[in-house]
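Residue strings, one per chain:
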Protein chains: 2
Amino acid sequence: MQIVVFIGPAGSGKTTLTKEFGSWLNKNEFKVKYINLDPGAEEVPYECHFDIREIFTTREIMRKYSLGPNGALIKSADLMLEKKSAIVSRMREVSVDCDFMLIDTPGQMELFVFRESGPKLLEELESIGHPITVLVLDPILASSPESFVSMQLLSIVAQLRLGVESVVVFNKSDAYGEVDLQEIKRRLMFGKGVISEMALSFSKLVEEYSGPSRILSISAKDKSGFNELMDVLNEIHCSCGDLT
Amino acid sequence: MQIVVFIGPAGSGKTTLTKEFGSWLNKNEFKVKYINLDPGAEEVPYECHFDIREIFTTREIMRKYSLGPNGALIKSADLMLEKKSAIVSRMREVSVDCDFMLIDTPGQMELFVFRESGPKLLEELESIGHPITVLVLDPILASSPESFVSMQLLSIVAQLRLGVESVVVFNKSDAYGEVDLQEIKRRLMFGKGVISEMALSFSKLVEEYSGPSRILSISAKDKSGFNELMDVLNEIHCSCGDLT
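Here is what the cut-offs are and how they apply
Residues numbered from 1 in each chain as written. Chains lettered and ligands numbered in written order. Predicted model: local features only at pLDDT ≥ 70, side-chain atom pairs only at ≥ 80, totals over all residues. Heavy atoms only, no water. Helix = DSSP H or I, 4+ residues; strand = E, 2+ residues; numbered from the N terminus. Rg over C-alpha atoms; globule rule 2.2 N^0.38 Å. Buried < 20%, exposed > 50% of the residue type's maximum accessible area, 1.4 Å probe, protein only. Pairing = 2+ DSSP bridges. Contact = heavy atoms within 4.5 Å. Axes fitted to C-alpha atoms, helices over the stretch in contact; angles between N-to-C directions. Least-squares fit on C-alpha atoms with pLDDT ≥ 70 in both. Expected span 1.5 Å × (residues − 1). Disulfide = S-S within 2.5 Å.

Caption draft 1: Structural view of the overall build of chain A. From N to C terminus, chain A includes eleven helices and seven strands. Whereas a compact globule of 244 residues would reach a radius of gyration of roughly 18 Å, chain A reaches 18 Å, a difference of no more than 12%. With the C-alpha coordinates aligned to their principal axes, the bounding extent of chain A is approximately 55 × 45 × 35 Å. Per-residue burial for chain A yields a buried fraction of 61% across its 244 residues.

In structure tokens form, the structure reads like this:
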């Protein structure tokens, strides 16, 4: 069984991708289970096999603890850590008779990656299977070469924090077209100033570790790029343990 | 005049640091103005000279657009972009007769750094002065060497996205003690496996650019480390333009 964890900044389209990639896998005869770990989600467009909102929702937290949206989101992340064993135990039940477990994470990426809940949950998940993260990004974040490199680095940040491999997908290629890696590289080479120079150096180092930081253009809407995503996931899954 | 922008993940203590660093500057005879750019803030403990909540609040957005906390935070960031000119024009008024303009940003760092509002606002701010960002972090993020390196990289991510220099401060040293950089370096050198090796390589590259990525331990609560922070800000301020 493969465990695929969709992470990414707010608004990048994690939830839609979880749904569409799942139904594509389904059509390809794979058994898929869906997990929602975003207690702040209002609507979830796929049928959840486990939903953190069974335990609590961010709206409830706002009311119960008289917190604003910021405070309630932090409290939610910390509650997730507190309830970690119960959550993973439910995921273990769900994992039976399943080829792919797709996990949707909190809207705000930093709640999962920069607090303790995400790393600790993934650590405990290792008892069920080896998770791979898919970092879902908006193509607007590749609009300048410096910003593109910052996103390559964000993938490294996620790998270092979560201790698992990460694939980068630029979503919404239906609206923005595919990210042109050659053009970005060309512009990087000809950039001027310290910021550009820094971007180029880091980009080169990221490429040395390019195994775990592959970059794909996909569209959850058009279901394009899903074959490629599947290939990368399989490749990483087969080389499991290489990074540990 | 210096413009200091406090960024950082949710719960790192940006708001408290804005308040305490401001009052420390005040006691040292500097004229300080405070700006709150977090529309999701419930209470702001300093006297704001401009508060984004004069224009809108995240709670209002939740009600007005029938959005959940996630959606409302994204909508808030995008509204900030829409109202950018009005916001910067108010900041220009505030900037008169002032030595330090301290800017507090949205609770969730990614709303400011990974959406368009932050980079575009800082770009427009250049007409008033050259901003420097202070990346405020919880020391728990330095508890493993890999996580520490991921935070060094997060500072690079912020610099590449925002196009301005960044100082890293580990806050809450009153509770956690100072971050021991030598010990982290030692553990990095002796780490095993690809993740550790990757962390070491990136850490070395960050150090090559260490000018703009200095790391300090401070405590907003005890007001410790403020002298050092001030020195670093002055140093960057004096070398302004080097990074552009």
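Caption draft 2: Quick peek at the sheet that holds strand β1 (residues 2-7) of chain B. Residues and elements named next belong to chain B. Across the sheet, seven strands lie side by side as β3-β2-β4-β1-β5-β6-β7; this open sheet has parallel pairing. Each edge of the open sheet is held by one strand with a lone partner, namely β3 (50-51) and β7 (215-217). Sheet analysis places strand β6 (residues 166-170) next to β7, joined by three bridges and oriented parallel. Bridge pairing in β7 places F170 opposite S217. Against the sheet, helix α6 (residues 117-125) engages β1, β4 (100-104) and β5 (131-137), with an angle of about 145° to β5.

Caption draft 3: Structural context of the relation of the copies chain A and chain B. If you rotate chain A by 180° and push it 0.0 Å along the axis, it lands on chain B with an RMSD of 0.0 Å. Both copies are brought into coincidence by an operation consistent with a two-fold rotation axis. Considering only C-alpha atoms, the residue of chain A closest to the rotation axis is P69 of chain A, which sits at 2.8 Å. Both copies present the same face, since 100% of the interface residues in chain A are matched by interface residues at the equivalent positions in chain B.

Caption draft 4: Quick peek at helix α7 (residues 145-162) of chain A. Residue and element names in this part refer to chain A. Its 18 residues give α7 an end-to-end C-alpha distance of 26 Å, which sits within 8% of 26 Å, the value for a rise of 1.5 Å per residue. Burial runs high along α7: 18 of the 18 residues are buried. Directly beyond the C-terminal end of α7, a positive phi value near 70° is found at G163.

Caption draft 5: The arrangement of the sheet that holds strand β1 (residues 2-7) of chain A in detail. Residues and elements named next belong to chain A. Taken together, the seven strands give an open sheet; going across it, the order is β3-β2-β4-β1-β5-β6-β7, and neighbouring strands pair in parallel fashion. Each of the sheet's edge strands pairs with one partner strand only, and the pair in question is β3 (50-51) and β7 (215-217). The pairing of strand β5 (residues 131-137) with strand β6 (residues 166-170) spans five bridges and is parallel. Within the sheet, the bridge partner assigned to T133 lies in β6 and is S166. In the packing of helix α1 (residues 14-27) onto the sheet, the strands contacted are β1, β2 (32-36), β4 (100-104), β5 and β6, and the crossing angle to β4 comes to about 165°.

Caption draft 6: Geometry of the pairing of β2 of chain A. Residue and element names in this part refer to chain A. Burial analysis of β2 places five of its five residues in the buried class, which makes it a mostly covered element. Across five bridges, β2 lies against β4 in parallel orientation. Each bridged residue has a counterpart across the sheet, and for K33 the counterpart in β4 is M101. As defined by bridge partners, β2 adjoins β3 across two bridges and the pair is classed as parallel. By the bridge assignment for β3, N36 is matched with D51.

Caption draft 7: Up close: the state of the cysteines. All names here are of chain A. According to the stated counting rule, one finds zero disulfides over all chains in the structure shown. Just so you know, C98 is unpaired, no disulfide at all, and the nearest cysteine sulfur is the one on C48, 14 Å from it. C98 gets classed as buried once you look at its relative accessible area, which sits at 10%.

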